[in-house]
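# Breakdown of the fold
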Amino acid sequence: MKSYGQFCGVARALEMVGERWALLIVRDLLVGPKRYTDLKTGLPRIPTNVLATRLKELEAAGVVVRRVLPRPAGSVVYELTEFGQELEGIVLALGRWGAQRLGAFGEGEIATADSLIMALRSTFDPDAVAGRSATYELRFGDVVISAQIENGELATDAGSTGKADLVIEAFGPLTPLLAGEITAAEVVAQGNVQLSAMDDRSAAKKLAGLEDFAAIFPIRPLPAAS
């Protein structure tokens, strides 16, 4: 572990997870245990030797552990330790802070199921649901994730639930909508979003559902520290 030579908690944290790609590995493992090939697929630009090195470093720091799945799978997966799981609030706060500067997709940038799941987790506002229940399906090209809200809590998963109250197919970033820079009606009128539902609800109700979605997952500045 490289040292900054500083007796400081921030410095120590960066020594453990501050190397390039390390926090993105942690981000994906916060969604769930992953095989090496799963991590490589979710981070296609990471060189294989760098991925192997980062995993060894995270293991040595006590952030990640390797586990062999029971037969018949028998494969090796990487998962966060209890110490590593403590990074969840930090990663979510960092994602929420960085979302304010996302803008449009850069050349060659991709969205993965894990990155979208963590984006929803980082922006979720439980105060906006007020005891309501709702299930959303979000589609970005081939990437599909679902978000279920029940009793003020959020559950996310990759893939379709097959019973979403609202299916949101996005053809570009939803950042302007979630940041309040554009209305739901405008983003639909511009052709950047297509809405559908499992039931036969009206266009007005689908649009209202998109407005609710934007209120539940807002991109806004982090609250000031007290």
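Below: a short report on this structure. (Residues numbered from 1 in each chain as written. Predicted model: local features only at pLDDT ≥ 70, side-chain atom pairs only at ≥ 80, totals over all residues. Heavy atoms only, no water.)

## Observations concerning the overall build of the chain
The helix and strand inventory of the chain stands at ten helices and seven strands. Over its C-alpha atoms the chain spans a radius of gyration of 19 Å, differing by no more than 12% from the 17 Å that the globule rule assigns to 226 residues. Dimensions along the principal axes, computed over C-alpha positions, put the chain at roughly 55 × 50 × 40 Å. Looking at the chain as a whole, 37% of its 226 residues are labelled buried. By element, 54% of the accessible surface of the chain is carried by carbon and sulfur atoms, the whole surface being about 12900 Å². (Helix = DSSP H or I, 4+ residues; strand = E, 2+ residues; numbered from the N terminus. Rg over C-alpha atoms; globule rule 2.2 N^0.38 Å. Buried < 20%, exposed > 50% of the residue type's maximum accessible area, 1.4 Å probe, protein only. Areas by Shrake-Rupley, 256 points an atom, 1.4 Å probe, with all protein chains shown as cover.)

## Quick notes on the pairing of strand β6 (residues 166-170)
Among the five residues that make up β6, four are buried, leaving the element largely enclosed by the rest of the structure. Relative to β6, strand β3 (residues 134-140) runs parallel, the two sharing five bridges. When the bridges of β6 are listed, Tyr-136 appears paired with Leu-166. In this structure, β6 lies alongside strand β7 (residues 193-196), joined through four bridges in antiparallel fashion. The partner of Ala-170 across the bridge, within β7, is Val-193. (Pairing = 2+ DSSP bridges.)

## Looking at helix α2 (residues 22-31)
At 3.6 residues per turn, the α-helix brings residues three or four places apart onto the same side. Of all ten residues that make up α2, seven are buried, and the element is covered over most of its length. When we look at burial in α2, the residues that qualify are Ala-22, Ile-25, Val-26, Arg-27, Asp-28, Leu-29 and Leu-30.

## With respect to the nonpolar core
In this structure, Tyr-136, Ile-168, Leu-174, Leu-210, Phe-213 and Phe-217 are the most contacted members of the largest nonpolar core, which totals 31 residues. For this core, the secondary-structure elements that each account for two or more residues are α7 (113-123), β3, β4 (143-150), β6, α8 (175-178), α9 (184-189), β7 and α10 (203-216). Apart from the residues lying within four places of it in its own chain, the contact partners of Ile-168 are Tyr-136, Glu-137, Leu-138, Arg-139, Leu-174, Val-193, Gln-194, Leu-195, Leu-210 and Phe-213. If you look at the next biggest cluster of nonpolar residues, it comprises 21 residues, including Leu-29, Ile-46, Leu-51 and Ala-61. (Core = buried A, V, L, I, M, F, W, Y, C linked by side-chain atoms within 4.5 Å. Contact = heavy atoms within 4.5 Å.)

## Re the packing of α2 against helix α6 (residues 88-99)
Look at α2 against α6: their axes get within 10 Å of each other, and the N-to-C directions meet at 110°. Taken together, the axis directions place α2 and α6 in an arrangement best described as roughly perpendicular. As for how α2 packs across α6, the hand of that crossing is left-handed. Contact with α2, carried on its side by Leu-23, Val-26, Arg-27 and Leu-30, involves Glu-88, Val-91 and Leu-94 of α6 and no other residues of that element. (Axes fitted to C-alpha atoms, helices over the stretch in contact; angles between N-to-C directions. Parallel < 35°, antiparallel > 145°, perpendicular 65-115°, else oblique. Left-handed = near helix turned anticlockwise from the far one by under 90°.)

## Thoughts on unusual backbone geometry
The phi torsion at Trp-21 lies on the positive side, around 80°, for a residue other than glycine. One non-glycine residue, Asn-151, lies in the positive phi region at around 55°. By the element assignment, Asn-151 lies in the loop between β4 and β5 (153-158).

## Describing the packing of α2 against α7
Their axes nearest at 9 Å, the elements α2 and α7 cross at an angle of 80°. Classed by the angle they form, the pair α2 and α7 counts as roughly perpendicular. Seen from α2, the contacting residues are Arg-27, Asp-28, Leu-30 and Val-31; seen from α7, they are Asp-114, Ser-115, Ile-117, Met-118 and Arg-121.

## Things to note about the packing of aromatic side chains
Summed over the entire model, instances satisfying the criterion amount to four aromatic pairs. Pairing Phe-124 with Phe-217 gives two aromatic rings, centres 5.9 Å apart and planes at 45°, and the pair type is tilted. With Phe-124 in the loop between α7 and β3 and Phe-217 in the segment after α10, this residue pair connects regions lying 93 residues apart in the sequence. With respect to burial, Phe-124 and Phe-217 carry one shared label: buried. Measuring from ring centre to ring centre gives 4.9 Å for Phe-213 and Phe-217, while their planes differ by 50°; the resulting arrangement is tilted. With respect to class, Phe-213 is no different from Phe-217; both count as buried. Site record: aromatic cluster; members linked through ring pairs are Phe-124, Tyr-136, Phe-213 and Phe-217. (Phe/Tyr/Trp six-rings, centres within 6.5 Å; stacked < 30°, edge-to-face > 60°.)

## Comments concerning the side chain of Thr-81
The topology assignment puts Thr-81 in the loop between β2 (76-80) and α5 (82-85). Of the polar contacts made by the side chain of Thr-81, one reaches the backbone oxygen of Gly-62; its length is 2.6 Å. Ignoring sequence-local partners within four residues, the contact set of Thr-81 consists of Gly-62, Val-63, Val-64 and Val-65. (Polar contact = N/O pair within 3.5 Å; in protein donor to acceptor, adjacent residues only side chain to side chain.)

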